[in-house]
Amino acid sequence: MISLENALNVVLESSFIIGIEEVSILNSLNRVLAEDIKSDMNMPPFDKSAMDGYACKSSDLKFALEMVETIPAGKFPEKSISDKQCAKIMTGAKIPEGADFVVMVEHSEVLSDGRIKFTKEPLNKNICYLGEDVKENEIVLTKGTLIQPQHIAILSAVGCVKFNVYKQPKIGIIATGDELVEPYEKPIKSQIRNSNGYQMLAQVQNAGAIANYMGIAKDNIEDSVSLISKALEENDIIMLSGGVSMGDFDFVGVALEKNGIKILFDSIAVQPGKPTTFGVGNNKICFGMPGNPVSSFIQFDLLVKPLIQKMMGLSLCYNCMKLPLKKDFRRKKTERLAIIPANINSDGTVEPTEYHGSAHIFALGYSNSIIFVPIGINEIKAGELVDVRQL
Ligand code: AMP
Ligand code: MG
């Protein structure tokens, strides 16, 4: 058994960048930038009003002012502001020449002769100045940024509609097990539905990679070897579910080796997920995930997702925090790192979910996080801090 930390190091050492491709901004959500992006203009591009109000000279605030024009957003001001004059101005419109102040419309009144008088001592100039957010040619997004909606706004604003992103790894998913039928089939007798394969498919998509479902391999060497061989041809990474324990019909390790894959570990000191298997060969990366969906879900989060992120050019970010436990926790065996489905409560505490073991997918269905109980620890008191990761 190797530690989770060592397992993660081995996995990450196998990573490689697949390549770079150009995408349109419309197809760029959840991709990772492979270049720095610069602004092609100053932002704002001109001094603009931050409010609907009146633009005037700051020296004129106490006087009644003649209104010389109305400036909507998008219109270039026609008049410049002289003493005792103002222009009605809308949010986002260019400040006219001569004005250095905008008084918000809520703090003004129109006198009977049409002049404008301000009713409150103004606090702010209400002007956003040319280039105060970003200067022309300044880098606005750096290589390695995971593109989220807020980054799409930045790309749009600087006119960057096509740019380079890292290629996504393609991940082939194989479920193994004579007992499995697909979710759209009704299991008979001793069968169950393949839930793990589809969970892995969704996890891959969620992690931003391309998921390629390869089907179910029967629990025999020939079937496993041939489906693995096909999956290796079509994908950068393959993930198998099941067949990695010590049972008489667990053939995944052998079938990987028969395909020229070198197994680098097949046992991790974690619970659940101990038999998680990892191998490499011919520029391909292979995971033998446990068959039980909770184990597999957690191992994906701990090992596969960081690898996908690294292969997509993302700087690794570990989503981990320490929170106080709601109730006392005890366990008997302590030789493995325990990972337990849990919920973060609104009072900022965390507590384990009712959990019957690694086949209990429903426990994960109503958990928002997992907690980590280190090797050697059998008891944690309420109020003590534990490592928590949000799902
Ligand atoms: P195995 O590692 O193949 O012995 O599988 C461990 C447990 O996980 C067994 O109870 C299997 O029936 C179950 N299992 C294996 N594959 C899947 C799957 N794709 N979906 C749901 N359960 C599975
Ligand atoms: Mg099996």
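Residues numbered from 1 in each chain as written. Chains lettered and ligands numbered in written order. Predicted model: local features only at pLDDT ≥ 70, side-chain atom pairs only at ≥ 80, totals over all residues. Heavy atoms only, no water.

1. What about the packing of helix H3 (residues 196–206) against helix H6 (residues 293–311)?
Thought 1: Packing of H3 against H6 brings their axes to within 10 Å, and their N-to-C directions diverge by 20°. Taken together, the axis directions place H3 and H6 in an arrangement best described as roughly parallel. Classified by chirality, the crossing of H6 by H3 is right-handed. Within the contact between the two elements, H3 uses Asn196, Gln199, Met200, Gln203 and Val204 and H6 uses Pro293, Ser296, Phe297 and Phe300.
Thought 2: For the contact of H3 with H6, the class distribution of residues is 5 nonpolar, 4 polar and no charged. (Axes fitted to C-alpha atoms, helices over the stretch in contact; angles between N-to-C directions. Helix = DSSP H or I, 4+ residues; strand = E, 2+ residues; numbered from the N terminus. Parallel < 35°, antiparallel > 145°, perpendicular 65-115°, else oblique. Left-handed = near helix turned anticlockwise from the far one by under 90°. Contact = heavy atoms within 4.5 Å. Nonpolar A, V, L, I, M, F, W, Y, C, P; charged D, E, K, R; others polar.)

2. A closer look at the site of ligand 1
Thought 1: Around ligand 1, a shell composed of 17 residues is seen, among which Glu179, Asn194, Ser195, Asn196 and Gly243 lie nearest.
Thought 2: Take Glu179: an N or O atom from its side chain is 2.5 Å from an oxygen atom of ligand 1.
Thought 3: Here an oxygen atom of ligand 1 and a side-chain polar atom of Asn292 are 3.2 Å apart.
Thought 4: Starting from 480 Å² of accessible surface for ligand 1 in isolation, the protein chains cover 77%.
Thought 5: Elements with a minimum of two residues in the shell around ligand 1: strand S15 (192–193) and H3.
Thought 6: Looking at side-chain class alone, the shell around ligand 1 contains 3 nonpolar, 11 polar and 3 charged residues. (Near = heavy atom within 4 Å. Polar contact = N/O pair within 3.5 Å; in protein donor to acceptor, adjacent residues only side chain to side chain. Areas by Shrake-Rupley, 256 points an atom, 1.4 Å probe, with all protein chains shown as cover.)

3. Observations regarding the nonpolar core
Thought 1: Membership of the largest hydrophobic core comes to 41 residues, with the highest contact counts inside it found for Met239, Phe287, Phe300, Leu303, Ile308 and Ile339.
Thought 2: For this core, the elements supplying multiple residues, two or more each, are helix H1 (4–13), strand S13 (170–176), H3, strand S17 (237–241), strand S21 (284–289), H6, strand S24 (337–344) and strand S26 (369–373).
Thought 3: With 10 residues, H6 is the largest single contributor of residues to this core.
Thought 4: Sequence-distant contacts of Phe300, that is, excluding residues within four places in its chain, are made with Gln203, Val204, Ala207, Met239, Met289, Lys305, Pro306 and Ile308.
Thought 5: Among the nonpolar cores identified, the runner-up in size contains 16 residues, and Ala217, Val225, Leu232 and Leu256 belong to it. (Core = buried A, V, L, I, M, F, W, Y, C linked by side-chain atoms within 4.5 Å. Buried < 20%, exposed > 50% of the residue type's maximum accessible area, 1.4 Å probe, protein only.)

4. So, the side chain of Arg331
Thought 1: Tracing the backbone shows Arg331 in the loop between strand S23 (329–330) and S24.
Thought 2: Although buried, Arg331 forms no salt bridge, and the nearest oppositely charged side chain, Glu335, lies 7.0 Å from it.
Thought 3: At 2.8 Å, the side chain of Arg331 forms a polar contact with the backbone oxygen of Pro374.
Thought 4: Discounting residues that sit within four places of it in the chain, Arg331 has contacts with Gln271, Arg336, Ala338, Val373, Pro374, Ile375, Gly376, Ile377 and Asn378. (Lys, Arg positive; Asp, Glu negative; His and termini not counted. Salt bridge = Lys/Arg side-chain N within 4 Å of Asp/Glu carboxyl O.)

5. Section: the layout of surface pockets
Thought 1: Its volume calculated, the largest pocket comes out at about 540 Å³.
Thought 2: Asn206, Ala207, Asp301, Lys305 and Gln309 are the residues nearest the centre of the largest pocket, which is lined by 23 residues in total.
Thought 3: Of all elements in the fold, only H3, H6 and strand S28 (385–390) reach the threshold of two or more residues within the lining of the largest pocket.
Thought 4: No other element matches the 6 residues that H6 contributes to the lining of the largest pocket.
Thought 5: Along the lines of polarity and charge, the residues of the lining of the largest pocket split into 12 nonpolar, 8 polar and 3 charged. (1 Å grid on protein atoms, 1.4 Å probe; cavity = no way out; pocket = protein on both sides within 12 Å on 5 of 7 lines; lining within 4 Å. Points joined across faces, edges and corners; volume = space filled by probe spheres on them.)

6. Some points on the pattern of salt bridges
Any two side chains of opposite charge can pair, given that their charged atoms come close.
Thought 1: In the structure shown here, the tally under the stated rule is 11 salt bridges.
Thought 2: Salt-bridge contacts for Arg31 lead to Glu21; the nearest nitrogen and oxygen are separated by 2.6 Å. You can see Arg31 sitting in the loop between strand S1 (20–24) and strand S2 (37–38) and its partner Glu21 sitting in strand S1, a full 10 residues away along the chain.
Thought 3: Residue classification places Arg31 among the buried positions, given a relative accessible area of 7%.
Thought 4: For Asp113, the salt bridge identified is with Arg115, shortest N-O distance 2.8 Å.

7. Quick notes on unusual backbone geometry
Glycine aside, the phi torsion of most residues is negative, and most peptide linkages are trans.
Thought 1: In this model, Met43 is joined to Pro44 through a cis peptide bond whose omega is -5°.
Thought 2: The linkage connecting Gln271 with the following residue, Pro272, adopts the cis geometry, with an omega of 5°.
Thought 3: Positive phi, close to 75°, is recorded for Asn137, a residue that is not glycine.
Thought 4: Structurally, the position occupied by Asn137 is in the loop between strand S10 (127–128) and strand S11 (139–141).
Thought 5: On the basis of relative accessibility, which here comes to 52%, the residue Asn137 falls in the exposed class.
Thought 6: Even without a glycine there, the phi angle at Asn282 is positive, about 50°.
Thought 7: Looking at the secondary structure, you find Asn282 in the loop between strand S20 (277–281) and S21.
Thought 8: You can call Asn282 exposed: its relative accessible area is 64%.

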